[in-house]
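# Inside the fold
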There are 6 protein chains.
Amino acid sequence: MSTELPSIVIDRLVRIALEEDLGGGDVTTEACIDDEARSTAHAVARRAQIACGARVAERVFMLVDAAVEFHPGPNDGVRVDETTTLWSVRGRARSILMAERVALNFVQRMAGVATLTRRYVDAVPAGSKTRITDTRKTTPGLRALERFAVRTGGGKNHRDNLGSAVLIKDNHIAASGGIAEAIARARSRAPHTSKIECEVDTLQGLEVAIGAGADIVMLDNMSNEDISRAVGIAAGRVFLEASGGITLERIPALAQTGVDAISVGALTHSAAAMDIGLDFE
Amino acid sequence: MSTELPSIVIDRLVRIALEEDLGGGDVTTEACIDDEARSTAHAVARRAQIACGARVAERVFMLVDAAVEFHPGPNDGVRVDETTTLWSVRGRARSILMAERVALNFVQRMAGVATLTRRYVDAVPAGSKTRITDTRKTTPGLRALERFAVRTGGGKNHRDNLGSAVLIKDNHIAASGGIAEAIARARSRAPHTSKIECEVDTLQGLEVAIGAGADIVMLDNMSNEDISRAVGIAAGRVFLEASGGITLERIPALAQTGVDAISVGALTHSAAAMDIGLDFE
Amino acid sequence: MSTELPSIVIDRLVRIALEEDLGGGDVTTEACIDDEARSTAHAVARRAQIACGARVAERVFMLVDAAVEFHPGPNDGVRVDETTTLWSVRGRARSILMAERVALNFVQRMAGVATLTRRYVDAVPAGSKTRITDTRKTTPGLRALERFAVRTGGGKNHRDNLGSAVLIKDNHIAASGGIAEAIARARSRAPHTSKIECEVDTLQGLEVAIGAGADIVMLDNMSNEDISRAVGIAAGRVFLEASGGITLERIPALAQTGVDAISVGALTHSAAAMDIGLDFE
Amino acid sequence: MSTELPSIVIDRLVRIALEEDLGGGDVTTEACIDDEARSTAHAVARRAQIACGARVAERVFMLVDAAVEFHPGPNDGVRVDETTTLWSVRGRARSILMAERVALNFVQRMAGVATLTRRYVDAVPAGSKTRITDTRKTTPGLRALERFAVRTGGGKNHRDNLGSAVLIKDNHIAASGGIAEAIARARSRAPHTSKIECEVDTLQGLEVAIGAGADIVMLDNMSNEDISRAVGIAAGRVFLEASGGITLERIPALAQTGVDAISVGALTHSAAAMDIGLDFE
Amino acid sequence: MSTELPSIVIDRLVRIALEEDLGGGDVTTEACIDDEARSTAHAVARRAQIACGARVAERVFMLVDAAVEFHPGPNDGVRVDETTTLWSVRGRARSILMAERVALNFVQRMAGVATLTRRYVDAVPAGSKTRITDTRKTTPGLRALERFAVRTGGGKNHRDNLGSAVLIKDNHIAASGGIAEAIARARSRAPHTSKIECEVDTLQGLEVAIGAGADIVMLDNMSNEDISRAVGIAAGRVFLEASGGITLERIPALAQTGVDAISVGALTHSAAAMDIGLDFE
Amino acid sequence: MSTELPSIVIDRLVRIALEEDLGGGDVTTEACIDDEARSTAHAVARRAQIACGARVAERVFMLVDAAVEFHPGPNDGVRVDETTTLWSVRGRARSILMAERVALNFVQRMAGVATLTRRYVDAVPAGSKTRITDTRKTTPGLRALERFAVRTGGGKNHRDNLGSAVLIKDNHIAASGGIAEAIARARSRAPHTSKIECEVDTLQGLEVAIGAGADIVMLDNMSNEDISRAVGIAAGRVFLEASGGITLERIPALAQTGVDAISVGALTHSAAAMDIGLDFE
């Protein structure tokens with residue numbers, strides 16, 4: 001099933017980006033391009049990648065000039081080769097040139113996140129049920145787009161923000177007087193719709209958390225061996241998430257421990273932009 | 001001299017990021033942390049890096065709780081070792097926990113850009129006057145912060161946006177009927193305060209651009225040898241910028257050609273977040 | 001433990017409300033009140049109520065005039081008699097008069113929601129663990145304030161928005177091909193941090209939902225008898241939420257069924273404003 | 001003649017409400033509903049009510065997905081029975097489900113205000129010229145919508161905000177040195193387009209206010225008897241508005257005094273949401 | 001009594017103006033001014049003028065740097081000679097230079113409007129009760145500031161916007177079927193707090209409007225003679241406003257007709273900026 | 001070639017202006033105009049002028065009612081006689097009346113700036129290459145529109161904002177230790193895409209600035225004779241801009257000195273609105 005990105009989110013971000021780049025006009029295009037000139041241009045992948053973000057690009061062109069025609073290409077999530085045309089635009093040349101950089105800045109970042117996510121997802125051995133997830137380490141202002149890109153790449157999302165699920169970290173534990181006390185507080189005060197996740201860094205902590213009724217336990221910076229032991233201890237009573245010190249190389253072995261999820265900050269905080277060009281006919 | 005980041009820019013972005021993460025409250029902190037609990041926490045570099053963005057972190061904490069005390073550490077631009085305390089906060093524990101992730105998301109990205117920039121700058125041989133610059137390939141919405149981080153890292157900025165300087169690319173040239181015609185159009189129509197830069201991909205193009213009065217010529221995707229020839233041809237009559245296909249490894253040789261500037265999209269579109277933690281006392 | 005309302009949320013709403021009422025100035029106050037006149041005024045409960053929203057009132061006065069002194073009274077959540085002073089302000093008379101109506105509009109609504117919530121909470125028999133929760137039927141734009149007021153009144157929140165937890169309703173079930181299929185889809189695609197709630201209107205549906213691994217089952221528009229049977233069927237395997245056709249009168253009997261939560265749209269969509277006056281000395 | 005609600009007002013509020021509910025996506029719909037599924041749904045009155053707000057609902061659906069078809073039903077202001085279809089939508093199922101709650105939150109509130117207003121208006125005896133009006137006790141951020149709903153219900157609006165008309169209250173009187181002085185100040189300083197209303201709580205005050213040239217006198221918290229005397233005293237020289245302590249039960253007797261207007265805060269601050277459901281075919 | 005300008009209005013406009021000028025930083029100041037340099041600067045009138053807008057200037061400096069000290073000078077509305085210091089600032093030199101132009105752009109415009117208004121007001125003969133008012137022909141986005149400036153200059157405001165008072169123009173009359181019909185419609189539908197003004201261009205129209213109960217009649221583009229006759233006809237039964245074709249030269253004669261108000265679009269749509277410089281010590 | 005105004009800029013300003021005027025509805029139009037009435041209206045020049053801003057007017061009507069048909073007339077920049085129809089609208093009468101004033105306020109100001117600019121441009125003798133430019137003395141919030149109007153009038157723009165080009169003024173010189181030092185600082189720190197302009201008030205300053213490598217020298221408040229000498233000194237080595245004390249009368253003589261540009265603050269800070277009416281059929 002396809003991923004979904006509400007236009008109310010897209011448009012708000014596109015407006016900010018366009019004001020940033022185009023708020024003072026485009027001195028080059030106004031000088032060099034005739035008002036009535038028309039162009040066709042194709043967004044082309046310069047490297048193999050996961051297609052992502054065409055609808056955002058479309059909105060960039062639409063908000064610059066509603067008369068530009070936008071022709072989508074491969075669906076989000078499709079793996080494309082270099083030289084694949086991702087989408088095309090046709091219309092007033094000035095409009096296309098004024099929107100080009102902003103459109104590319106969005107899709108290059110989104111495709112970068114989606115493609116990196118797919119690499120992590122593909123590193124999970126076939127048959128494993130371990131999911132790769134993002135974190136809240138997203139680019140300020142772009143969380144919705146980056147979470148969409150993670151899903152597009154085959155990953156899953158972690159909680160959306162501080163209000164949607166409980167994640168008890170060391171400071172919460174210390175302030176509450178222990179793991180069990182923190183979980184009890186959360187259970188009694190948080191929405192019943194919020195899962196309760198608790199971070200632990202020892203196997204003893206895991207047992208306490210399970211006993212206190214955590215829904216999810218985050219195994220923080222543990223070795224593959226300890227994570228394997230944790231899976232045995234949990235025995236399906238709780239959802240286990242490995243976090244901290246994750247590298248692409250560790251994914252196969254980590255997944256083989258049977259851990260339920262591996263959360264990877266790098267998906268969003270360290271994805272490089274994917275190379276995409278806009279070629280004019 | 002220090003770099004400058006107007007607070008009017010910071011606050012707008014910080015508000016967006018806080019609404020994104022904290023707009024629905026923080027169910028964990030409200031449940032687990034007493035209203036009156038107070039904490040002290042220190043942002044600590046987990047890797048050697050260029051300090052960058054403390055003022056942005058400060059504004060995040062201030063906008064969550066104006067009573068939090070913020071203690072800055074090393075100035076922006078200082079190279080710090082891992083374990084260096086970058087800045088500290090003291091105040092209501094709830095406020096610090098609610099602001100933590102957003103503050104870190106900002107400074108990790110800014111330090112990432114500054115540190116990567118410094119690597120490029122340091123690759124320029126001593127005595128060379130070649131400058132390393134960014135491009136418009138910035139994260140949508142964060143251009144001002146990323147340009148600040150580039151300067152903090154010792155780089156220089158390219159034009160701010162489409163309205164501030166002329167940059168004639170292949171489509172502008174084609175639409176105008178040639179390099180000389182495009183430059184002539186720009187000269188007659190653009191603000192006299194806007195430099196005119198023209199992209200060329202051949203040495204013949206360079207000569208035409210110089211003859212037509214370009215202020216800057218961008219040498220697009222040229223080999224080191226051609227760039228070296230371009231420097232000889234220009235003979236100081238025009239500012240030369242190398243662009244396209246730039247890697248860190250090429251920088252020393254590129255700088256030795258005598259080219260005036262090397263513009264590097266990777267500074268902003270591919271900088272990984274720098275590892276920084278917030279340690280509570 | 002006290003409830004928490006991030007100032008980033010408050011200020012955004014207060015600005016909208018002040019622009020609405022004061023964006024065109026205050027023709028009466030400018031005409032009748034001397035620039036230098038000073039006043040003290042007290043917000044007084046005209047009926048017994050649950051105190052709620054003083055911090056929002058404070059921000060209204062601060063955003064009109066940062067020099068107004070604000071003196072808080074009873075904490076949020078405290079039951080006060082009529083004639084109790086809820087908070088006081090002292091400062092420029094013009095500022096207080098210009099901010100008065102907006103401040104009262106906020107706290108009257110917030111106290112209304114908190115007080116109505118408390119009535120429902122108090123209707124739950126002593127010793128019962130049934131929680132009273134809100135719904136997403138909140139006033140457009142005021143969700144964060146109203147959820148805060150519900151917590152202040154002793155209620156608990158339901159999910160914050162469409163992105164924070166899964167709630168499978170009849171249309172989702174129909175589109176997925178059945179309860180089990182819908183839950184399976186959600187399980188495989190939604191964040192692992194999102195609880196999965198499924199609405200059912202029959203006891204058979206309940207059994208299917210439990211079998212499919214729902215975390216929460218919403219019993220929609222069921223009689224007390226059926227809810228009682230549902231509690232027996234669930235036997236602690238799933239969290240049960242009664243919803244639809246809830247009245248204050250039904251709460252005691254409903255709670256005695258042992259249902260885990262009762263969600264009440266009326267808490268936010270039908271709370272009348274609480275009478276509060278601002279008395280000038 | 002029909003009431004009018006500028007789209008510039010609607011869209012701003014709809015965007016805020018959609019960001020609040022849908023800014024983090026819709027995890028349920030994305031998981032359970034196929035991208036290409038289409039639906040038709042009907043907004044149906046669950047109780048007799050005054051139709052109000054279809055245009056706002058339309059904008060909610062349009063801003064989520066411009067391809068959704070919206071079919072309006074009865075005009076605003078029409079009294080409908082329970083089971084009446086108020087409006088229908090047809091289009092992408094995901095879009096309809098994502099917009100549903102926000103659309104209903106708006107129209108339930110608007111219909112609630114309109115229907116309550118109609119009850120007050122209908123309580124005015126036939127032939128009476130007394131008008132029922134709202135006050136500035138509106139929901140923060142929703143004033144324009146609520147004032148529209150009041151008009152739709154057959155009521156009239158009071159002043160829009162602090163800048164549009166003069167309303168002299170006790171504090172203005174005290175600060176000015178008396179009723180006559182306050183009115184004189186307002187007359188000399190306020191726009192000539194602003195009516196001058198003065199609040200009085202005695203019949204003597206009324207006489208002073210008339211003598212000083214008030215356009216409107218607000219009779220604050222007076223008994224029906226005193227209001228009747230006030231009507232006699234005024235003898236058409238001034239517009240009289242009864243305010244404070246108004247209940248639906250008092251309306252017939254109050255209207256029979258001949259007072260020109262009765263302003264009722266409850267129309268907006270205490271209207272319960274009207275029950276409206278969205279039924280999918 | 002002093003005029004009042006709510007800070008909620010000022011700050012919103014100041015933020016827009018600062019983002020416009022300073023959103024891309026200040027390349028000159030960052031390059032040339034030391035971070036720690038401090039300055040004192042004085043805003044000095046270069047021509048005799050009416051002081052206006054110091055509080056707006058103050059907010060510009062505060063929003064750039066809250067540590068800048070702002071020292072106000074003559075009150076708004078005071079007539080000052082050229083060379084008068086209007087206000088002074090002291091603080092970080094970079095901050096003052098970055099804020100300078102925006103602050104001056106605001107106060108030059110505001111002083112321009114105030115000073116032009118005073119010229120019109122001063123042209124009204126001593127003893128005349130005729131007021132000079134503005135219109136809705138204000139600069140988009142700056143209405144509140146310009147209305148404030150008009151009051152500061154001794155003028156009075158017309159209606160704030162389309163929602164605050166009724167102004168029936170020729171198209172409304174034509175659509176309603178005549179002056180009397182249009183006034184009747186407005187009387188029955190508009191808020192009772194809204195005065196009803198009707199534009200007429202003949203003396204017959206005036207009589208109809210008075211008969212129909214208009215509160216204000218706008219005499220559109222009439223000669224002084226006709227206006228004089230209108231004053232005789234009205235005989236105090238209605239407020240008369242002359243409008244259209246107003247020049248400064250006509251004011252004395254117009255005022256001598258006894259007309260109640262003269263509305264002058266030029267106050268806001270054609271006021272030249274007043275010359276004010278910022279002199280650094 | 002035609003001037004260009006990105007819609008992203010237009011729409012943001014139009015929304016602000018419409019909220020300002022129409023946020024509270026239009027009490028007159030709602031009362032007097034039937035919902036279904038339709039009108040055609042023509043914007044007519046009341047004085048000879050330079051057409052400017054039709055696209056902004058179009059957006060005003062579209063944002064009030066997307067169904068209004070807008071028929072453009074003469075292109076921006078065309079000189080029109082009084083009585084020329086500038087553009088026409090056809091559609092719902094209520095919509096046209098609600099949008100009328102805001103649309104006119106925009107185009108009257110834009111045409112005012114364009115027409116004043118044309119007068120300055122026409123004062124430059126035939127054959128002269130001197131350009132007339134604006135400054136940063138624009139109306140807060142309207143810079144993009146006013147710069148567009150200047151170009152429409154035949155003028156050229158100066159730098160867009162503080163971030164786009166270097167302009168060294170007396171305070172920068174003083175803080176840097178002299179003209180040469182300030183230019184050297186700017187050369188080493190500012191973007192290579194930013195021209196460096198330096199203000200001087202003596203011919204000696206000019207020689208220093210040229211020697212230090214300024215791109216542009218602003219001759220501040222110099223006599224025609226000194227400017228003529230400056231042209232001789234510069235001998236084409238630097239772009240010369242005359243500024244300060246510019247009047248329309250001085251333009252011919254100033255241009256004859258051969259100065260490259262004359263920057264005129266009055267184009268934007270003192271242009272009177274151009275008279276344009278909206279005539280209904």
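From a predicted model like this one, the values you see are computed outputs, not experimental measurements.

### Focus: the overall build of chain A
Across its full length, chain A carries 11 helices and 12 strands. Once the C-alpha set of chain A is aligned to its principal axes, its extents read approximately 70 × 40 × 30 Å. Going through the 281 residues of chain A one by one, you find that 67% of them count as buried. Summed over its atoms, the accessible surface of chain A is roughly 9200 Å², and 47% of this surface lies on carbon and sulfur atoms. Counting 32 positive and 37 negative side-chain charges, chain A places the averaged centre of each group 6 Å from the other.

### Brief notes about the interface of chain B and chain A
At the junction of the two partners, chain B supplies 55 residues and chain A supplies 56 residues. Of the roughly 4800 Å² buried at the junction of chain B and chain A (both faces included), carbon and sulfur atoms supply 54%. Of all residues in chain B, the largest losses of buried area upon contact with chain A belong to Glu20(B), Pro140(B) and Leu162(B), amounting jointly to 14% of the total for that side. Taken together, the connections running from chain B to chain A amount to six salt bridges. For the pair chain B and chain A, the number of links is 36 residue pairs in polar contact (both at pLDDT 80 or more). For the side of chain B that touches chain A, the secondary-structure elements that each account for two or more residues are helix H1 (7–22), helix H2 (27–32), helix H4 (93–123), strand E7 (166–168), helix H6 (170–176), helix H7 (179–189) and helix H11 (266–269) of chain B. Per-element tally for the side of chain B that touches chain A: the top contributor is H4(B), with seven residues.

### A word on the interface of chain B and chain E
If you look at the interface, chain B gives 14 residues, while chain E gives 18 residues. Together, the buried faces of chain B and chain E total about 1200 Å²; carbon and sulfur atoms form 49% of this surface. In this structure, the salt-bridge partner of Arg151(B) is Glu30(E), at a minimum N-O distance of 2.6 Å. At the surface where chain B touches chain E, the tally comes to nine residue pairs in polar contact (both at pLDDT 80 or more). For the side of chain B that touches chain E, the elements supplying multiple residues, two or more each, are H1 and helix H5 (143–152) of chain B.

### Comments concerning H7(B)
Looking only at H7(B), the buried set comprises Ile179(B), Ala182(B), Ile183(B) and Ala186(B). Looking straight down H7(B), one finds that the buried residues subtend no more than 95° of arc, so they occupy a single side.

### Some points on the relation of the copies chain B and chain E
One copy of the chain maps onto the second through a rotation around an axis plus a translation along that axis. Overlaying chain B on chain E yields an RMSD of 0.0 Å, the required transformation being a rotation through 120° with an accompanying axial translation of 0.0 Å. What we have between these two chains is a three-fold relation. Taking the C-alpha atom as reference, chain B places Arg12(B) closest to the rotation axis, 7.0 Å from it. In this assembly, only 7% of the residues forming the interface of chain B have copies in chain E that are likewise at the interface, indicating a heterologous arrangement.

### Focus on the sheet that holds strand E1 (residues 38–45) of chain C
All names here are of chain C. Here we have four strands laid out as an open sheet, ordered E3-E5-E1-E12, and antiparallel in their pairing. Of all the strands in the sheet, the pair left with one neighbour each is strand E3 (69–72) and strand E12 (276–280). With strand direction ignored, the average angle separating the axes of adjacent strands in the sheet is 20°. On the sheet, helix H3 (residues 54–64) packs against E3, strand E5 (85–92) and E12 and is oriented at approximately 175° with respect to E3.

### Let's talk about the domain arrangement of chain A
All names here are of chain A. According to the domain assignment, chain A contains domain 1 (7–121 + 271–280) and domain 2 (124–269). Between the C-alpha centres of domain 1 and domain 2 the distance comes to 34 Å. With 21 residues of domain 1 at the interface, the matching set in domain 2 holds 24 residues. When the two sides are added together, the surface that domain 1 and domain 2 hide from each other amounts to roughly 1800 Å², 71% of it contributed by carbon and sulfur. Applying the counting criterion to the domain 1 and domain 2 interface returns zero salt bridges. Inspection of the domain 1/domain 2 interface yields four residue pairs in polar contact (both at pLDDT 80 or more). For the side of domain 1 that touches domain 2, the elements supplying multiple residues, two or more each, are helix H1 (7–22) and helix H4 (93–123). Counting residues per element, the side of domain 1 that touches domain 2 draws most heavily on H4, which supplies 11 residues. Of the residues assigned to the side of domain 1 that touches domain 2, the class counts are 14 nonpolar, three polar and four charged.

### Observations concerning helix H3 (residues 54–64) of chain E
Most of H3(E) sits out of view: eight of its 11 residues are buried. Ala54(E), Val56(E), Ala57(E), Val60(E), Phe61(E), Met62(E), Leu63(E) and Val64(E) are the residues of H3(E) that are buried.

### Comments concerning the pairing of strand E9 (residues 216–220) of chain C
Residues and elements named next belong to chain C. Burial within E9 is extensive, with four of its five residues counted as buried. Looking at chain direction, strand E8 (residues 196–200) and E9 are connected through four bridges and run parallel. Looking at the pairing, Glu-199 lines up with Met-218 of E9. Assessed by its sense of winding, the connection that carries the chain from E8 through helix H8 (residues 203–211) to E9 is right-handed. Here E9 pairs with strand E10 (residues 239–243) via five bridges, running parallel.

### Overview of the packing of aromatic side chains
One pass over the full model with this rule turns up 12 aromatic pairs over all chains. A centroid spacing of 5.8 Å and a plane angle of 65° characterise the contact between Phe61(C) and Trp87(C), whose relative ring orientation is edge-to-face. Here the residue Phe61(C) occupies a position in helix H3, and Trp87(C) occupies one in strand E5, the gap between them amounting to 26 residues. An aromatic cluster of three or more residues is present, and its members are Phe61(A), Phe70(A) and Trp87(A).

### What about the sheet that holds E9(C)?
All names here are of chain C. Taking strand neighbours across the sheet as the criterion, the six strands line up as E6-E11-E10-E9-E8-E7 in an open arrangement whose pairing is parallel. Two strands close off the open sheet at either side, each with one partner strand: strand E6 (131–133) and strand E7 (166–168). With strand direction ignored, the average angle separating the axes of adjacent strands in the sheet is 25°. Direction of pairing for E10 relative to strand E11 (residues 261–263): parallel, over a ladder of three bridges. Following the sheet pairing, Ala-242 is matched in E11 by Ile-262. Helix-sheet contacts for helix H7 (residues 179–189) involve E7 and E8, and the interaxial angle to E8 is about 165°.

### Let's talk about the environment of Thr139(B)
Among the secondary structure elements, Thr139(B) is positioned in the loop between strand E6 (131–133) and H5. As a C-alpha pair, Thr139(B) and Ala54(B) span 85 residues in sequence and 19 Å in three-dimensional space. When neighbours within four sequence positions are excluded, Thr139(B) is seen to be in contact with Glu20(A), Arg109(A), Thr139(A), Leu142(A), Arg109(B), Glu146(B) and Thr268(B). Here Arg109(A) takes part through its side chain, which lies 2.9 Å from a polar atom of the side chain of Thr139(B).

### Considering the relation of the copies chain B and chain A
Superposing chain B onto chain A takes a rotation of 180° plus a shift of 0.0 Å along the axis, which leaves an RMSD of 0.0 Å. As the rotation angle and translation indicate, the two copies are arranged about a two-fold axis. Both copies share a contact surface, since 100% of the interface residues of chain B are interface residues in chain A too.

### Topic: the packing of helix H3 (residues 54–64) of chain B against H4(B)
Residue and element names in this part refer to chain B. Where H3 contacts H4, the two axes come as close as 9 Å, and the packing angle between them is 155°. Between H3 and H4, the angle falls in the class roughly antiparallel. Handedness of the crossing formed by H3 with H4: right-handed. The residues of H4 that touch H3, namely those facing Ala-54, Val-56, Ala-57, Val-60, Phe-61 and Val-64, are Ser-95, Ile-96, Met-98, Ala-99, Glu-100, Val-102, Ala-103, Phe-106, Val-107 and Met-110.

### Details of the side chain of Thr130(E)
Here Thr130(E) is to be found in the loop between helix H4 (93–123) and strand E6 (131–133). From its side chain, Thr130(E) meets the backbone oxygen of Ala255(E) in a polar contact 3.5 Å long.

### Digging into the arrangement of the chains
For chain B and chain D, which are not in contact, the least C-alpha distance works out to 8 Å. The two units chain C and chain F never meet; even their closest C-alpha atoms stay 8 Å apart.

### Observations regarding the environment of Asp275(C)
Residue and element names in this part refer to chain C. By secondary structure assignment, the location of Asp-275 is in the loop between helix H11 (266–269) and E12. In this structure the C-alpha to C-alpha distance between Asp-275 and Ala-45, which are 230 residues apart in sequence, comes to 6.6 Å. Those residues within four positions of Asp-275 in sequence are excluded, and the remaining contacts are Val-44, Ala-45, Arg-46, Arg-47, Gln-49 and Gln-108.

### Description of the pattern of salt bridges
Throughout the structure, instances matching the rule amount to 93 salt bridges over all chains. For the salt bridge of Asp279(D) with Arg46(D), the shortest nitrogen-to-oxygen distance reads 2.8 Å. Here the residue Asp279(D) occupies a position in strand E12 (residues 276–280), and Arg46(D) occupies one in the loop between strand E1 (38–45) and strand E2 (49–50), the gap between them amounting to 233 residues. For Arg46(D), a relative accessible area of 37% puts it in the partly exposed group. Salt-bridge contacts for Arg59(F) lead to Asp11(F); the nearest nitrogen and oxygen are separated by 2.8 Å. Of this pair, Arg59(F) sits in helix H3 (residues 54–64) while Asp11(F) is found in helix H1 (residues 7–22), placing the two residues 48 residues apart along the sequence. We classify Asp11(F) as buried; its relative accessible area is 13%.

Conventions and cut-offs
Residues numbered from 1 in each chain as written. Chains lettered and ligands numbered in written order. Predicted model: local features only at pLDDT ≥ 70, side-chain atom pairs only at ≥ 80, totals over all residues. Heavy atoms only, no water. Helix = DSSP H or I, 4+ residues; strand = E, 2+ residues; numbered from the N terminus. Buried < 20%, exposed > 50% of the residue type's maximum accessible area, 1.4 Å probe, protein only. Areas by Shrake-Rupley, 256 points an atom, 1.4 Å probe, with all protein chains shown as cover. Lys, Arg positive; Asp, Glu negative; His and termini not counted. Charge placed at Lys NZ, Arg CZ, Asp CG, Glu CD. Contact = heavy atoms within 4.5 Å. Buried area = accessible area lost by both parts, 1.4 Å probe. Salt bridge = Lys/Arg side-chain N within 4 Å of Asp/Glu carboxyl O. Polar contact = N/O pair within 3.5 Å; in protein donor to acceptor, adjacent residues only side chain to side chain. Arc of directions from axis to C-beta. Least-squares fit on C-alpha atoms with pLDDT ≥ 70 in both. Pairing = 2+ DSSP bridges. Axes fitted to C-alpha atoms, helices over the stretch in contact; angles between N-to-C directions. Domains from an automatic or database assignment. Nonpolar A, V, L, I, M, F, W, Y, C, P; charged D, E, K, R; others polar. Right-handed = clockwise from strand over helix to strand, strands pointing away. Phe/Tyr/Trp six-rings, centres within 6.5 Å; stacked < 30°, edge-to-face > 60°. Parallel < 35°, antiparallel > 145°, perpendicular 65-115°, else oblique. Left-handed = near helix turned anticlockwise from the far one by under 90°.

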